[in-house]
Amino acid sequence: MTTSPTISPTIAVIGAGLDRVDAPLKVAGKAHYPNDFGYTGMAHAALVRSTIAAGRIRAIDTSQAQAAPGVLTVITHLNAPRLERGPMTLLGPSPPAPLQDDRVLHYGQHVAIVVASTAEQARHAASLVRVEYESTEALLDVDDPRAEVLTDPWSLDSERGDVAAGFAAADVVVEGTYTTPDNTNNPLGLMATIAVWNGDLLTVHDSTQWPHNVRTSLAAIFKIPESGIRVLAPYVGGGFGAGLRMWPHVILTVLAAREVGRAVKLVLTRPEMFTSVGHRPNSVQHIRIGATSVGDLVAIEHHGTSSVAMEDDDYEPVSLCSAVSYACPNVRTRDRQVRLNIPCPGSMRGPAEGQGNFALESAIDELAHALGMDPLEFRLRNYAGEHPLFGLPWSSNALQECYLRGAERFGWSQRTPEPGSMRDGRWLVGYGLAGVSYPNYQVPCQARASVHRDGSAFVRSAATDIGTGTYTVMTQLAAELLGLDTSRVRFDLGDSDMPYSPQAGGSGLTGALGNAVHAACRRLVGSFSTWSATTWTHRCARPSSTTSRSVRDASTASAPPSGASPTPTSWPATAWRN
């Protein structure tokens, strides 16, 4: 009988201060981002963008561009092949496929792609494309009565208790309208894509936060097996959610590479980043809140409206936070979206929760002020000790402790509540607080762990590190579980040929990937212990005729990604975790 091993590492590294393991490569300029790669004979692409927000392309003249030096092809809706829309993903539908008809749905929409031998030639030729438009009046305001309105688009509207009765019983009621603007993600690194076809095999370097999603989407769009696509993103220059979807420029780069029979690189310009890779949509929120004279919440009503593109869907339930934030018996939340002539929105840093919590917590402050009550005391009084919708206890919830520790550390008790009453010389001083939340998000993840003959370890998964420290955190975790110094552990990511990983987003990757790495490392130690015990027993029983076999002979081992450090002579054990 075998038992699971007890792992007692000699070096405790989790929680210890550690320089980022990828830092030396980055500061030395040796970390290869997607736009750092190159191929022999690689061509370059440039986009032509719409200069109107709504209408049709009446005519498009590419003759000057096609005759320009170095130009290989110009693709427009007139000669682009029929492309299906990408698949439904864990984060919602894919954006619409580009260049499929003559309609213009937003300013900055891709209306052509030019491919040339150099980036300069491509950009110059793109400037020579002449587009004649038939413009129509654009829908740009969520209050425009002509715009299509989607009611309860995610079936998440909620209601509990009797909201009308709650407000009738309230001693104090406040209401207000709160607006939030569009925000663009715009990470430091410009989004870039390189596509290389080798027969029916496709390699893509992309600024993505989710390599497997790019692979799955491209397979569906170009009708090729996922096994024939490899997506690489070992380093990404930030994301803030911009890399969670596979955007149309990626499709165009892959299409262009297939058309010219060469590797093609496309790097978005900074202006193109504002219209090509999503943004946080604006919102208008109306909130009404009522409480008793002693500060007990009795009713909350939260209506949220946000913008969405003409032919896209974006998950942005801004009012949902009000359903779960406080212990209030009567709550109604409603969301709707308004279709406008805007680029496709997408996730950006706490999507929906950022906008919704801003409005809710602002209203909570207004209500506390109307009651003449300390806003900290008001929040503590209405803390939800269990999940307000499900009535289940929290698995963990340190919000009360955060309130109290925060108040103690920055001297909340010294605050005077009257607006404008606190000064530091000529400066007005304000103290404020808010209790915000973000929903738990964790999905299945896989990791593979191997130990080499020299005792070092190799752990990998197809995750990405957008600057959040995934390389370092997973190296620390694996080192502790395997009882090794971090210098003896290599963690690799950013390759769709590695075990499946969800996206780097939703504050869920560390939990999902960490669990996978934890399980893989434990199974690796267990497999190695079992193999060692079996081998030792066999040797003792037949010492004169037994030769040792590498565990590689008895178990699966996988090669590291190309361009990685030298391939070890043997990987004695491999463990998978779903």
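Everything numeric here is computed off the predicted structure, so don't read it as measured data.

Here is what the cut-offs are and how they apply
Residues numbered from 1 in each chain as written. Predicted model: local features only at pLDDT ≥ 70, side-chain atom pairs only at ≥ 80, totals over all residues. Heavy atoms only, no water. Helix = DSSP H or I, 4+ residues; strand = E, 2+ residues; numbered from the N terminus. Buried < 20%, exposed > 50% of the residue type's maximum accessible area, 1.4 Å probe, protein only. Contact = heavy atoms within 4.5 Å. Areas by Shrake-Rupley, 256 points an atom, 1.4 Å probe, with all protein chains shown as cover. Lys, Arg positive; Asp, Glu negative; His and termini not counted. Charge placed at Lys NZ, Arg CZ, Asp CG, Glu CD. Core = buried A, V, L, I, M, F, W, Y, C linked by side-chain atoms within 4.5 Å. Pairing = 2+ DSSP bridges. Polar contact = N/O pair within 3.5 Å; in protein donor to acceptor, adjacent residues only side chain to side chain. pLDDT = per-residue confidence, 0-100. Phe/Tyr/Trp six-rings, centres within 6.5 Å; stacked < 30°, edge-to-face > 60°. Disulfide = S-S within 2.5 Å.

Visitor: Before we move on, can you summarise the overall build of the protein with the specific residues and values?
Guide: If you tally the helices and strands in the protein, you get 12 helices and 22 strands. Principal axes of the C-alpha set define a box for the protein whose edges measure 90 × 75 × 50 Å. Out of the 578 residues belonging to the protein, those deemed buried represent 52%. Across the protein, the fraction of contacts at a sequence separation of at least 24, relative to all contacts at a separation of at least 6, is 80%. Of the roughly 26800 Å² of accessible surface on the protein, a fraction of 52% belongs to carbon and sulfur atoms. Each charge class in the protein can be summarised by its mean position, and for the 47 positive and 54 negative side chains these summaries are 10 Å apart.

Visitor: I'd like a description of the nonpolar core, backed by residues and values.
Guide: Residues Leu 202, Leu 218, Phe 222, Val 254 and Val 264 are the most contacted members of the largest nonpolar core, which totals 41 residues. Of all the elements in the fold, those that place two or more residues in this core are β1 (43-49), β5 (110-116), β10 (192-198), β11 (201-206), α5 (211-222), β12 (229-232), α6 (248-260) and β13 (264-267). At eight residues, α6 tops the list of elements feeding residues into this core. For Leu 202, the residues in contact, after removing those within four places along its chain, are Ala 195, Val 196, Trp 197, Leu 218, Ile 224, Gly 228, Ile 229, Arg 230 and Val 254. Core analysis: the second largest hydrophobic core is formed by 30 residues, Val 459, Met 474, Ala 479 and Ala 512 among them.

Visitor: Could you give me a rundown of the pairing of β11, with the residues and numbers involved?
Guide: Two faces make up the sheet, and in a regular strand the side chains alternate between them. As paired elements, β10 and β11 share six bridges and run antiparallel to each other. Within β11, the residue paired with Ala 195 across the bridge is Val 204. Between β10 and β11, which pair antiparallel one after the other, the connecting turn spans two residues, and Gly 199 there sits at a positive phi close to 70°. As judged from the four bridges shared by β11 and β12, these two strands associate in the parallel manner. Across the sheet, His 205 pairs through a bridge with Leu 232, a residue of β12.

Visitor: Describe in detail the environment of Asn 79, supporting the description with residues and values.
Guide: Considering the arrangement of structural elements, one finds Asn 79 in the loop between β3 (71-76) and β4 (103-104). Considered as a pair, Asn 79 and Glu 401 are 322 residues apart in the sequence and their alpha carbons are 62 Å apart. Of the polar contacts made by the side chain of Asn 79, one reaches the backbone oxygen of Val 74; its length is 3.0 Å. Within the structure, the side chain of Asn 79 is placed 2.7 Å from the backbone nitrogen of Thr 76, a separation counted as a polar contact.

Visitor: Describe the confidence of the model for the protein, and please don't skip the residues or the numbers.
Guide: Overall, the predicted model of the protein reaches an average pLDDT of 90, with 91% of residues at or above 70. Here residues 1-10 scores under 50 on pLDDT; set against residues more than four positions off or in separate chains, the count is 13 contacts.

Visitor: Give me the lowdown on the packing of aromatic side chains, citing residues and values where you can.
Guide: A complete count under the given rule lists seven aromatic pairs for this structure. Ring centres 5.9 Å apart and planes at 70° place the aromatic pair Trp 154 and Tyr 315 in the edge-to-face group. Placement of the pair is Trp 154 in the loop between β7 (149-151) and β8 (158-160) and Tyr 315 in the loop between β15 (297-309) and β16 (331-340), with a sequence separation of 161 residues. An angle of 70° between the planes, with centres 6.2 Å apart, marks the rings of Trp 197 and Phe 222 as edge-to-face.

Visitor: Hey, could you go over the state of the cysteines for me, with residue numbers and the actual values?
Guide: Tallying each qualifying case throughout the model produces zero disulfides. Looking at the unpaired Cys 328, the closest cysteine sulfur is the one in Cys 321, lying at 13 Å.

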